[in-house]
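Per-entry structural report
The residues making up each chain are set out below.
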Amino acid sequence: MQNPFTVLDVVETADDDAIKKAYLQQVREYPPERDPERFQVIRTAYETIKTRRDRLRYRLFQHKTPNPAGLVAAALQPGPPRRLTEQQLRQWLNHRLTSQK
Amino acid sequence: MRKPLPSPRLRLEEQPTRELIARGEALLATHDYKDAIDVYKLLLKREPQAGWRESLASTYLERAKQLASKGMYREAAVLWENLPSLCGQIRQPELYIDWLLQTGQYAKAMRAYVQHAAALSGAGELETRLAALTLAGQKDILQTLPQDTPLRRQLSVAQAALRAYGQGEAEATVRECLQNIPIRSPYRDLRQALSALLKLDTDPAGAPALVERILPTSPYHDLAEIVRACAAREPARAMLALDSVQRDLAVHLLGLNPQQIKLLKEWTRLGEQPNDKTLFGFITNNLALLDQEQARQACLALLAVYPRGQPTYIKLFGPLPSLEAHRLQALQAEQEHDLRRALHHWQACVGELVKDRKNPDHRLMAALVLRQMAELAKHEDYSWEDESDVCKYLKQSLDFDPDDRDVYLKLAALYKEADDDKEYHQWVERAVKQFPDDPQVLMAAVATATARKAYKKAAGFAERVLELDPINSKARAVLINSHLAHARKQIVAGKYALAEKELDSASQLERDNARSGIVEINRGLLAFKQRQHERVYHWLKEGIRLAGSPLLGWLRLAVEASGIKLEPTTFQSDLGLGDPRKFTASRADLLTLTQWVNAYQEEGVDSISSVLEDLEKPLKRAIKELGKEEDLLSVCECFHQAPHYELLEYAATGALQHCPERPIFIYYQIYGRAEGEVDALKGRDYDRLEDALKEAKKAEDHRAVMRIVHFIHQRGLFTSFPRPRGGPRSMPMPMSMPPQMRREMEEAREELEQMPPALRERMLNQLLDSLPQDDDFPPEVQRAIMKALLLGGDGLEELLNMDMDDFPMPSPGRGRPGGRQR
């Protein structure tokens, strides 16, 4: 399970209002009709930490293996964007077209 | 006699033409092109018909496609090459050219491209591939490209765009180059892919839309996937789906540094579902790159499933606070199903939390922990001899958090199940005080008030529910019943006008589509009391009609009549209902009857059993027809509550034919057979009940467990001591043993076992001397039993095998072992 606070992009001390706001923001970004899988993750995260009671329950009883994808994602903050070189592109195209033989 | 030999199958060449035609068609229909080719070749040999030539051509082409779909492009191309010479036809040359390209036969492919240019149709995909090969620098293709084709004409603009992007020209310059590539060009996928790559620099979220139309068959599809991964919210996760070549390009595009690339490589090596140890190692090894606090939290969460990581955690993040240490131990114990250890550590957590009572978070956490403890205790505590641990924990939790409605209702339900009416009603009352506008609480209040025959109170609660929730049918039914109950009282008291008024009120509350005839039947009975004979049968007939069937009508009439002290048989002949034993009942009638009986039972109507006596035969016939498990469950539960033992046993026996091992049906059958009396249990049935209890516990069928335990503990606790199976019923053990006591006994036994013999003897004697006096057993028997229990199985076996005469049984006046008085 992904850390619901990371999924909703809120701090652990966020209150009900802040969490609801973050949830609605995420739903606007990933509506269920466009990205049902992501929406499900967002929904589950929201249900897990919706109220103070939920948040404390999560803090006490959460014992599933955490999914550190968010943690890794945060560490992989892109540097200044770089382009592919002409040679890289040609090589890749060649590889792509000949690797199917 | 020997079997006749099957007639030998004719060889293909020997088969008549008509059969060959049919065979060819059948082979085509089943996509068996390989054999179909042989058939059509033979047919053409016999007679060169145009139709068969056509069929052979189609068959060749389909077979070639079949081979290509298996990746056998070379074989497919060879087959296609035979097509023109065999059938004189050229079909779908674009496929042939594609198969040549797939096998690297570029020169040959280009010759075919030039030769069949006029016959190429829908060659967009082929041209996109040729364009990509041209850009990749395939000389065979470049040299043979016809001058006047878009492939040749637009090559230079495509190369210019590629160069501009690859050499880091300004965005505007690259865009200008890209705009020179027409939208219908064979280089259009390059145009889209480069536009998306450019967009990654300035607006990554907008990039994927630009590659949306690149088809999976396009050579640029892999590049589209790279764009999508780089633009993803979590590129790390998206990159798991890329191959290593794609990932290298993505890493370059994202501008990751070498450390990040190392982290990403390690992360992708973990795969989708790494084990807890690997994950813990991954986080702790890469701590320098990760957010410290989030990494700590992830490690802490992992400790619950990977306790061996604790020393590393402490080394990296410092010692665990006492609360955390106990919490992790409790979670670990839960996963190992060691409930006692889990409860111990949770209790310690509560202790830590209440040290700072003023902290509202700590108070709420203490309440949540206690509720968790109640959940755990539920799994091993089915005894209600004393107040159960479940209730104890739930009540304590309310001290810290009195605002959890469900806890009040849970407590009420637990006490109701335990037949502790006083506590049940009290907890509902407390819930009403705390949550006066909660329909669910108010409905619970309606139920308790009805059970106590406080109809006015029940109606008050029901009215409030209807204010809050106007479509609540249960509340409506309660109000109707309340008016009916008043009407009955007034009829018995001879206050007919008031009774009529109550019946009018009940009638007004009934929905037109849900009239059950109960009001009309009561109007009929009121008319009888008023000696208005012409109205009696009008209303009664109307009531029976609305009831839906004579059987249901009779049930209503019989129960309502007995409610005002009238005999239903008074009306039987004039209503033309006939003998109730001859009624018929459908499945729907039977299920409606269970609902009505349940409702009467809740109201405390005591004439149900006798009314059901009259309907026994038709009900048995209807039960026999039932096949669905849930129907049988409803019927059994109804007769269990009513109670009607014969029908219960009958229904449960029928249910066991459908679900042979379902514990709840075994219980219903035995309970019905023993007429609800544990003393009437036969030895074999006791064994079956014990087995059913084990099964129910295994299947977490709490209802069955509760029912069985209540039944066998009806006369005090029987403990699960070894006794010969299937033999005569052994003597119930003379002492009740709630789980707590059993635990204490086990602990004492363990302690004794660990002591040296001399000390054990002394300690045992001390324990036996401290036994409280028991009215039912002489001290020596009591000591012998306790000694056997504390020293283990052998002594107990010996004790149980002793001649009964050795045990002076208590006199009847003093109660039986494990008797009710206890």
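Everything quoted here is computed from the prediction, not taken from an experiment. (Residues numbered from 1 in each chain as written. Chains lettered and ligands numbered in written order. Predicted model: local features only at pLDDT ≥ 70, side-chain atom pairs only at ≥ 80, totals over all residues.)

1. A closer look at the overall build of chain A
Within chain A, the regular secondary structure consists of six helices and zero strands. Ordered by position from the N terminus, the helices and strands of chain A form the series α-α-α-α-α-α. Classification of the 101 residues of chain A by burial places 29% in the buried group. Of all intrachain contacts in chain A linking residues separated by at least 6 positions in sequence, the fraction that spans at least 24 positions is 52%. (Helix = DSSP H or I, 4+ residues; strand = E, 2+ residues; numbered from the N terminus. Buried ≥ 20, exposed ≤ 12 C-beta atoms within 10 Å, placed from the backbone. Contact = placed C-beta atoms within 7 Å.)

2. A word on the overall build of chain B
Looking only at helices and strands, chain B has 46 helices and zero strands in total. Within the span of chain B, comprising 822 residues, buried residues form 39% of the whole. Taking as baseline every contact in chain B between residues at least 6 positions apart, the subset at least 24 positions apart corresponds to 51%.

3. A word on the interface of chain B and chain A
As a measure of interface size, the accessible area lost when the parts come together is often cited. Each side of the interface is counted separately: chain B has 56 residues, and chain A has 39 residues. Considering each element in turn, the side of chain B that touches chain A owes the most residues, six residues, to helix H23 (residues 360-380) of chain B. Per-class residue counts for the side of chain B that touches chain A are 34 nonpolar, 13 polar and nine charged. (Nonpolar A, V, L, I, M, F, W, Y, C, P; charged D, E, K, R; others polar.)

4. Some remarks on the packing of helix H40 (residues 663-673) of chain B against helix H41 (residues 683-698) of chain B
All names here are of chain B. In contact at an axis separation of 9 Å, H40 and H41 are set at 150 degrees when each is read in the N-to-C sense. Looking at the two axes, H40 sits roughly antiparallel to H41. Once H40 is placed against H41, the crossing between them reads as left-handed. Only Asp 685, Arg 688, Leu 689, Ala 692, Glu 695 and Ala 696 of H41 make contact with H40, whose side of the interface consists of Pro 663, Ile 666, Tyr 667, Ile 670 and Arg 673. Residue composition of the contact of H40 with H41, grouped by class: seven nonpolar, no polar and four charged. (Axes fitted to C-alpha atoms, helices over the stretch in contact; angles between N-to-C directions. Parallel < 35°, antiparallel > 145°, perpendicular 65-115°, else oblique. Left-handed = near helix turned anticlockwise from the far one by under 90°.)

5. Describing the nonpolar core
Among the nonpolar cores identified, the biggest contains 228 residues, and Val 227, Val 369 and Ala 651 of chain B are the most heavily contacted of them. Ranked by residues supplied to this core, first place goes to H23 of chain B with 11 residues. Setting aside residues no more than four positions away along its own chain, Val 227 of chain B makes contact with Ala 196, Leu 197, Leu 200, Ala 207, Pro 208 and Val 211 of chain B. One finds Val 7, Ala 22, Tyr 23 and Ala 45 of chain A within the second-largest nonpolar core, a separate group that totals 11 residues. (Core = buried A, V, L, I, M, F, W, Y, C linked by C-beta atoms within 7 Å.)

6. Points about unusual backbone geometry
Residue and element names in this part refer to chain B. Pro 643 follows Ala 642 through a cis peptide bond whose omega is -15 degrees. Checked against the element boundaries, Pro 643 lands in the loop between helix H38 (629-641) and helix H39 (645-658). Even without being a glycine, His 31 presents a positive backbone phi close to 60 degrees. Structurally, His 31 can be placed in the loop between helix H1 (17-29) and helix H2 (33-46). In this structure His 31 comes out as exposed when scored by C-beta crowding, with 11 C-beta atoms within 10 Å.

7. Section: the confidence of the model for chain A
Per-chain confidence: chain A averages 86 in pLDDT, with 94% of residues scoring 70 or above. Here helix H5 (residues 69-75) of chain A stands out as the least confident element of chain A, with mean pLDDT 80; helix H2 (residues 16-29) of chain A is the most confident, with 94. (pLDDT = per-residue confidence, 0-100.)

8. A look at the environment of Thr 584 of chain B
Locating Thr 584 of chain B in the fold gives a position in the loop between helix H34 (569-575) and helix H35 (587-603). Residues Thr 584 of chain B and Lys 617 of chain B, spaced 33 residues apart in sequence, show a C-alpha to C-alpha distance of 9.1 Å.

9. Here's the deal with the packing of helix H12 (residues 188-202) of chain B against helix H14 (residues 221-231) of chain B
Residues and elements named next belong to chain B. Axis separation between H12 and H14 bottoms out at 10 Å; the angle between their running directions is 20 degrees. When the interaxial angle is binned, H12 and H14 end up roughly parallel. For the element pair H12 and H14, the recorded crossing hand is left-handed. Residue-level inspection shows Ala 193, Ala 196, Leu 197 and Leu 200 of H12 in contact with H14, the latter providing Leu 223, Ala 224, Val 227, Cys 230 and Ala 231. Taken together, the residues that form the contact of H12 with H14 break down as nine nonpolar, no polar and no charged.

10. Considerations on helix H31 (residues 518-529) of chain B
Residue and element names in this part refer to chain B. With 12 residues, H31 should reach 16 Å at 1.5 Å per residue; the first-to-last C-alpha distance of 17 Å fits that figure. By the criterion of burial, H31 is predominantly enclosed, with 11 of the 12 residues buried. Looking at the buried side of H31, the elements it contacts are helix H29 (473-492), helix H30 (496-509), helix H32 (533-547) and helix H33 (550-563). (Expected span 1.5 Å × (residues − 1).)

11. Quick word on the confidence of the model for chain B
All names here are of chain B. Model confidence for chain B is summarised by a mean pLDDT of 82, while 88% of its residues fall at 70 or above. In the predicted structure, residues 800-822 sits below a pLDDT of 50 and forms 30 contacts with residues beyond four places in sequence or in another chain. The ipTM value of the predicted complex is 0.79, and its pTM value is 0.56.

12. Some words on H14 of chain B
The element H14 of chain B is largely enclosed, with a buried count of nine among its 11 residues. For H14 of chain B, the complete set of buried residues consists of Asp 222, Leu 223, Ala 224, Glu 225, Ile 226, Val 227, Ala 229, Cys 230 and Ala 231 of chain B. Where H14 of chain B is buried, its residues meet helix H6 (86-98) of chain A together with H12, helix H13 (207-210), helix H15 (235-239) and helix H16 (244-254) of chain B.

13. Comments concerning the environment of Leu 263 of chain B
Relative to the elements of secondary structure, Leu 263 of chain B occurs in helix H17 (residues 258-270). Residue Leu 263 of chain B is classed as buried on the basis of its 22 C-beta neighbours within 10 Å. Along the backbone, Leu 263 of chain B and Asn 286 of chain B are 23 residues apart, and their C-alpha atoms lie at a distance of 7.2 Å. Those residues in contact with Leu 263 of chain B that sit more than four places away from it in its chain are Val 72, Ala 75 and Leu 76 of chain A together with Asn 286 and Leu 289 of chain B.

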